[in-house]
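Commentary on secondary and tertiary structure
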Amino acid sequence: MHPLVQRRALLAKRFPETPVLLFNGSERPRNYPGNPYPFRPDSHFLYFCGVLPPGAVVVLDGGEAHLFMEPVTRDEAVWSGPGPDWAELERALQARIHPRMELEAFLDGLGRSRLATLPSQDPAAAAEQSRLLGRRVDLEGDSPDGLLARAVIELRLRHDPAAREELRRVCAVTVQAHLDGMAATRVGGDEAEVLAAMMSACLRQGFGTSFQPIITVSGERLHQPHVGGLLREGDLLLADFGAEAATGWAGDVTNTWPVSGTYTPRQRDVYSVVLEAHRRAAARVQPGARYREVHLEACRATAEGLVDLGLLKGDPEDLVERDAHALFFPHGIGHLMGLDVHDMEDLGDRAGYAPGRTRSTRFGLRWLRLDRDLEEGFAVTIEPGFYWIPELLEDPGRRQAYADCVDWDQVERFREVRGIRIERDYLVTDSGHELLTPGLPDEPEAVEAAVGGRS
Ligand code: GLY
Ligand code: MN
Ligand code: MN
């Protein structure tokens, strides 16, 4: 059976009574309507219907899919071509296709009050959704939308064979992009040259990017949006970059390499701590493991490493309980992956947190995006880091709160490290996990050897 048809059948089984309305979104104008941003369809729509032109709507009704699309006029075809052949699409997607103008009458026939839906991120689609339903999307409790969200989450959490193939494909391109980025790095160059090499690896193979790339020597800025700074001797370059397939599936990898091809001794020491935290966390990725425990294992490894380097003082277990590690590693160990780089984060914490679990407010846990018991078929990232963030490490309140367990003089000596993260993508298997992003250098010597600036 076609994977999209199979997914619809599985949804109909889990969610049998209620017809489902989903939008793929519209083209958003950059500055005027004739100059739109590249179109990125809604992920729930992609999951059940694949890639279709903007403005498509689907009604999933008891295993049947009714697609509503704008016919391409002759005038439009002059500029953009005739669009997909509907008869062919109906066969390929095993769906009925109707002109978009018939949607309202179709919904009246079904009974609009019976419909369930999920939130559209596209403002125009969201407005139309509310108008058609005569209400806002409501994911709370056992509302129809809330029950639909739960059913979709259960399906999308465990990736089916077609999704796994897509993830392997997009991760392979992501790996190539990182290798090309390392090779393009040189003292005297700039961040934009590295980004260009990484983008080229994607574009050449028909891929885009799954989020705004972070390519920066300011690795302590967790979401540094600017690219273009100079690459100097002694800098570390942090590259957080993921490819996105035309089908929407996402990769997400971070590497941190020395611009000159050689880590300074302190950079190497901290890199080794982050690598050990990564390895210890990844070793726990298996069915039944609680992801919060995976996070805490990385926190313990980080605390142990920082005690060895003299930045922290005391028993690593106690340090983690006091969230002292979070001064240097304030974010979570990772997140779900799939059609979204943070998969299904449009549904809030409903996908990331198991029913009955909620986010902690603790400094060391509040940015943890995932707290489920892992199951076969989940895809997750593992991405520990170390950051010298002035807003945390120069904050007088925190300095006082952690006065007894931090050697602040020693911390100052590590300022030059700025930011290091090592991120890889994993698929949970029956017996443990599959590394979705093989082929990248991890050991410091292997990373150094991959950097172009070395030669
Ligand atoms: N690239 C975003 C993240 O690593 O979560
Ligand atoms: Mn990332
Ligand atoms: Mn990530």
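As shown above, the structure is provided for reference.
A brief report on the enclosed structure follows.

Analysis parameters
Residues numbered from 1 in each chain as written. Chains lettered and ligands numbered in written order. Predicted model: local features only at pLDDT ≥ 70, side-chain atom pairs only at ≥ 80, totals over all residues. Heavy atoms only, no water. Helix = DSSP H or I, 4+ residues; strand = E, 2+ residues; numbered from the N terminus. Expected span 1.5 Å × (residues − 1). Buried < 20%, exposed > 50% of the residue type's maximum accessible area, 1.4 Å probe, protein only. Near = heavy atom within 4 Å. Polar contact = N/O pair within 3.5 Å; in protein donor to acceptor, adjacent residues only side chain to side chain. Areas by Shrake-Rupley, 256 points an atom, 1.4 Å probe, with all protein chains shown as cover. Nonpolar A, V, L, I, M, F, W, Y, C, P; charged D, E, K, R; others polar. Pairing = 2+ DSSP bridges. Donors = N, O, S within 2.8 Å, 3.2 Å for Na, K, Ca; no water. Tetrahedral: all angles 85-135°; square planar, octahedral: opposite > 155°, others 65-115°. Disulfide = S-S within 2.5 Å. Axes fitted to C-alpha atoms, helices over the stretch in contact; angles between N-to-C directions. Salt bridge = Lys/Arg side-chain N within 4 Å of Asp/Glu carboxyl O. Core = buried A, V, L, I, M, F, W, Y, C linked by side-chain atoms within 4.5 Å. Contact = heavy atoms within 4.5 Å.

Turning to helix α11 (residues 291–308), a few remarks are in order. The terminal C-alpha atoms of α11 lie 26 Å apart, and with 18 residues this matches the ideal 26 Å at 1.5 Å per residue to within 8%. With 13 of 18 residues buried, α11 lies mostly within the body of the structure. Immediately beyond the C-terminal end of α11, within one or two residues, lies Gly310, with a positive phi of roughly 85°.

As a further point, take the site of ligand 1. Around ligand 1, the neighbouring residues are Phe211, Asp240, Asp252, His335, His342, Glu383 and Glu423. A distance of 3.1 Å is found between a nitrogen atom of ligand 1 and a side-chain nitrogen or oxygen belonging to Asp240. A distance of 3.0 Å separates an oxygen atom of ligand 1 from a polar atom in the side chain of Glu383. The protein chains hide 87% of the 200 Å² of surface that ligand 1 would expose on its own. Tallied by class, the residues present in the shell around ligand 1 amount to one nonpolar, two polar and four charged.

The next subject is the sheet that holds strand β2 (residues 57–61). If you walk across this open sheet you meet the five strands as β4-β3-β2-β1-β5, and the pairing is mixed. Looking at the sheet topology across the chains shown, the edges are occupied by β4 (96–99) and β5 (116–117). Pairing geometry for strand β1 (residues 20–23) and β2, over four bridges, is antiparallel. Bridge pairing in β2 links Phe23 to Val57.

Take the coordination of the manganese ion (ligand 2) next. Asp240 (OD), Asp240 (OD), Asp252 (OD) and Glu423 (OE) make up the full set of protein donors to the manganese ion (ligand 2), lying at 2.0 to 2.6 Å. Metal-centred angles of 55 to 169° between the six donor atoms at the manganese ion (ligand 2) mark the site as irregular.

What follows concerns the state of the cysteines. Within the structure shown, the criterion is met by zero disulfides. Considering cysteine sulfurs only, Cys202 is the nearest to Cys171, which forms no disulfide, with 12 Å between them.

This part is about the sheet that holds strand β15 (residues 433–435). Overall, antiparallel pairing links the three strands, which are arranged β11-β14-β15 in an open sheet. Both edges of this open sheet fall to β11 (379–382) and β15, since each of them pairs with a single strand only. Along the sheet, successive strands turn relative to each other by an average axial angle of 35°, direction set aside. Pairing between β11 and strand β14 (residues 424–428): four bridges, direction antiparallel. What sits directly across from Val380, in β14, is Tyr426.

Time to look at the coordination of the manganese ion (ligand 3). Within the protein, Asp252 (OD), His335 (NE2), Glu383 (OE) and Glu423 (OE) serve as the donor atoms for the manganese ion (ligand 3), at 2.0 to 2.2 Å. Each of the six donor atoms bound to the manganese ion (ligand 3) contributes to angles spanning 51 to 157°, and the resulting shape is irregular. Read from N- to C-terminus, the donor residues coordinating the manganese ion (ligand 3) fall into the pattern D-x82-H-x47-E-x39-E. Distance-wise, the manganese ion (ligand 2) is placed 3.3 Å from the manganese ion (ligand 3), both being coordinated by Asp252. One end of the pair, Asp252, is in the loop between β9 (243–244) and β10 (253–258); the other, Glu423, is in the loop between β13 (419–421) and β14, and 171 residues separate them in sequence.

If the charged atoms of two oppositely charged side chains come close together, the side chains can form a pair. In the structure shown here, the tally under the stated rule is 43 salt bridges. Its salt-bridge partner being Arg290, residue Asp371 comes within 2.6 Å of it at the nearest N-O pair. Of this pair, Asp371 sits in the loop between α12 (316–321) and β11 while Arg290 sits in the loop between α10 (265–282) and α11, and the two are 81 residues apart along the sequence. A salt bridge links Asp404 to Arg322; its shortest N-O distance comes to 2.9 Å. Of this pair, Asp404 sits in the loop between α14 (396–401) and α15 (408–413) while Arg322 sits in the loop between α12 and β11, and the two are 82 residues apart along the sequence. When salt bridges with common partners are traced through the structure, they connect Arg100, Glu104, Asp108, Arg112, Glu128 and Arg131 into a single cluster.

This paragraph deals with the environment of Leu139. Looking at the secondary structure, you find Leu139 in the loop between α6 (123–133) and α7 (144–157). Take Leu139: its relative accessible area is 14%, and that puts it in the buried class. Considering only alpha carbons, one finds Leu139 and Leu275, 136 residues apart in sequence, at a separation of 39 Å.

Quick look at the nonpolar core now. Counting residues in each nonpolar core, the largest one holds 128 residues, and the members touching the most others are Leu11, Phe48, Leu67, Tyr291, Phe328 and Ile333. Once residues within four sequence positions are removed from consideration, Tyr291 is found in contact with Ile333, Gly334, His335, Leu368, Leu370, Asp371, Arg372, Leu374, Val380, Thr381 and Ile382. If you look at the next biggest cluster of nonpolar residues, it comprises 12 residues, including Leu21, Phe23, Val59 and Leu133.

One non-glycine residue with positive phi stands out, namely Gln94, at about 50°. Checked against the element boundaries, Gln94 lands in the loop between α4 (86–93) and β4. In this structure, Asp323 takes a positive phi of about 65° despite not being glycine. The residue Asp323 is located in the loop between α12 and β11 in this model. Overall, Asp323 belongs to the buried group, its relative accessible area being 6%.

Honestly, that's just the spatial picture; any functional story needs more than this.
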